[in-house]
Amino acid sequence: YEAVNGTAQGVKVESQQKQNPVRSSKWDSAADGGGGGDDPVARMAALQQQQLLMQQQHQALLMQQQAQAAAAQAAAIAQATTISQQPPANEMALDAPPTPGNKKQRELYIGNLAVGIVHGEMLRELFNAVLGHMVPDPVATPPVLEVKQDPTGRGRFAFIELRTAALALAALQLDKQLDLCGRAMNIGRPKGYVDPPQFAQQNKLSMAQMFAAQLSGGPSNCVLIEGLANVQTMRNEDEKRELYDEVYAEGSRFGSVSGLAIPTAPPHIPPDQPSPVILRYSSVPAAEKCKAAMDGRQFDDNTLKASFVAEPDFYKAYHGDWFPQQ
């Protein structure tokens, strides 16, 4: 049995070897590397090397793209930083709200003060009273934001911060014309002040407009309205305040109103004489709209007359000087 099985097993093995001679030969030849260009190991190695090279190229391209994106982002940040350091044009408008970017245009130096007598609250109250007609609500939004006195404590001078650049320009017109405790105050820009380009351009334009208005009565940003009320009515403070609110609200329909002046009539002015009202706009086009709408219009059964005036006339009027001069 064992011999038979052994023989049979041996025959079986021998038979298998005879049935697969070619396959064994091929595999052996392939293992020996005798297949030449058909060598699968070589093909596999070449494929792996090609894949590695492609991965390296892809990684290099990815790194290059990341570097370009980082450079673009850095440039954008640098540009944004540069822009943020320069106040936008609208921030430099004369009637722009107070911001750190336009603070220098709203600050003024006040000198020749009475030493030991004048204090910050006195200056605040004075300039709020003088400039109060140039803001919509002098109580809720007073013209003066801050007062800083002489740091030495002697009180020889002070710095005031106003709500808008327009208020600062108006206050500059009062240099050596406004008295406090018997002394005419020096009102000017702090030492080293330089107008920014946008602000300087507005000032030049404003001065040109005033000059043209003075010469020819042409368009300016200030409109004189006569016929709203007479002098007697305006001597009543309640009536005056009511008219102020009405005119401001109506005038705002034509554009941004940066100031409104109703001067106080001297005692010798007849009570039935028309009391003038002057609107100051942020732009000439807005003032032109106001003049066109107001001239010839009816108000409380009175026919209104509207005309352009120069800014110095407006400043004198809100300061209390009678207009027209008598």
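A short tour of the structure in this document, coming up. (Residues numbered from 1 in each chain as written. Predicted model: local features only at pLDDT ≥ 70, side-chain atom pairs only at ≥ 80, totals over all residues. Heavy atoms only, no water.)

1. So, the sheet that holds strand β7 (residues 222-226)
Then, number 1: One open sheet accounts for 4 strands, arranged β8-β9-β7-β12; its pairing is antiparallel. Two strands lie at the open edges of the sheet, namely β8 (257-261) and β12 (305-309), each paired on one side alone. On average, each strand axis in the sheet is inclined to that of its neighbour by 25°, with strand direction left out of account.
Then, number 2: Here β7 pairs with β12 via 5 bridges, running antiparallel. Its bridge partner being in β12, L224 is matched across the sheet by S307.
Then, number 3: Most of the contacts of helix α11 (residues 311-318) go to strand β9 (residues 277-281), to which it runs at about 125°, and overall it touches β7, β8, β9 and β12. (Pairing = 2+ DSSP bridges. Helix = DSSP H or I, 4+ residues; strand = E, 2+ residues; numbered from the N terminus. Axes fitted to C-alpha atoms, helices over the stretch in contact; angles between N-to-C directions. Contact = heavy atoms within 4.5 Å.)

2. Overview of the side chain of S275
Then, number 1: In this structure, S275 sits in the loop between β8 and β9.
Then, number 2: Beyond its immediate stretch of four places on either side in the chain, S275 contacts I225, A229, N230, V231, M234, I262, P263 and W322.

3. Describing the pairing of strand β3 (residues 158-162)
Then, number 1: When you tally the buried positions in β3, you get 4 out of 5 residues, the bulk of the element.
Then, number 2: Note: strand β2 (residues 144-149) against β3, 5 bridges, orientation antiparallel. In the sheet register, Q149 faces β3, and the bridge partner there is A158. (Buried < 20%, exposed > 50% of the residue type's maximum accessible area, 1.4 Å probe, protein only.)

4. Considerations on unusual backbone geometry
Then, number 1: With a phi angle near 60°, N112 is a residue other than glycine that sits in the positive phi range.
Then, number 2: Of note, N112 is situated in the loop between β1 (107-111) and α5 (120-131).
Then, number 3: One non-glycine residue, D301, lies in positive phi territory at about 65°.
Then, number 4: As for its position among the elements, D301 is in the loop between β10 (298-299) and β11 (302-303).
Then, number 5: On the accessibility criterion, D301 (75% relative accessible area) is exposed.

5. Some details on the side chain of N102
Then, number 1: Residue placement: N102 occurs in the loop between α3 (40-85) and α4 (103-106).
Then, number 2: N102 sits in the buried class, given a relative accessible area of 4%.
Then, number 3: Side-chain polar atoms of N102 contact the backbone oxygen of P97, separated by 3.0 Å.
Then, number 4: A polar atom in the side chain of N102 sits 3.0 Å from the backbone nitrogen of T99. (Polar contact = N/O pair within 3.5 Å; in protein donor to acceptor, adjacent residues only side chain to side chain.)

6. Comments concerning the sheet that holds β3
Then, number 1: Overall, antiparallel pairing links the 4 strands, which are arranged β2-β3-β1-β6 in an open sheet. Looking at which strands have only one partner, the edges of the open sheet turn out to be β2 and β6 (186-188). Within the sheet, the average angular offset between the axes of one strand and its neighbour, ignoring direction, is 20°.
Then, number 2: Alignment of β1 against β3, held across 4 bridges, turns out to be antiparallel. Bridging from a neighbouring strand, E107 pairs with E161 of β3.
Then, number 3: α5 rests against β1, β2, β3 and β6 of the sheet, and its axis sits at about 145° to β2.

Fair warning: the whole summary comes from geometry, so function is off the table for now.
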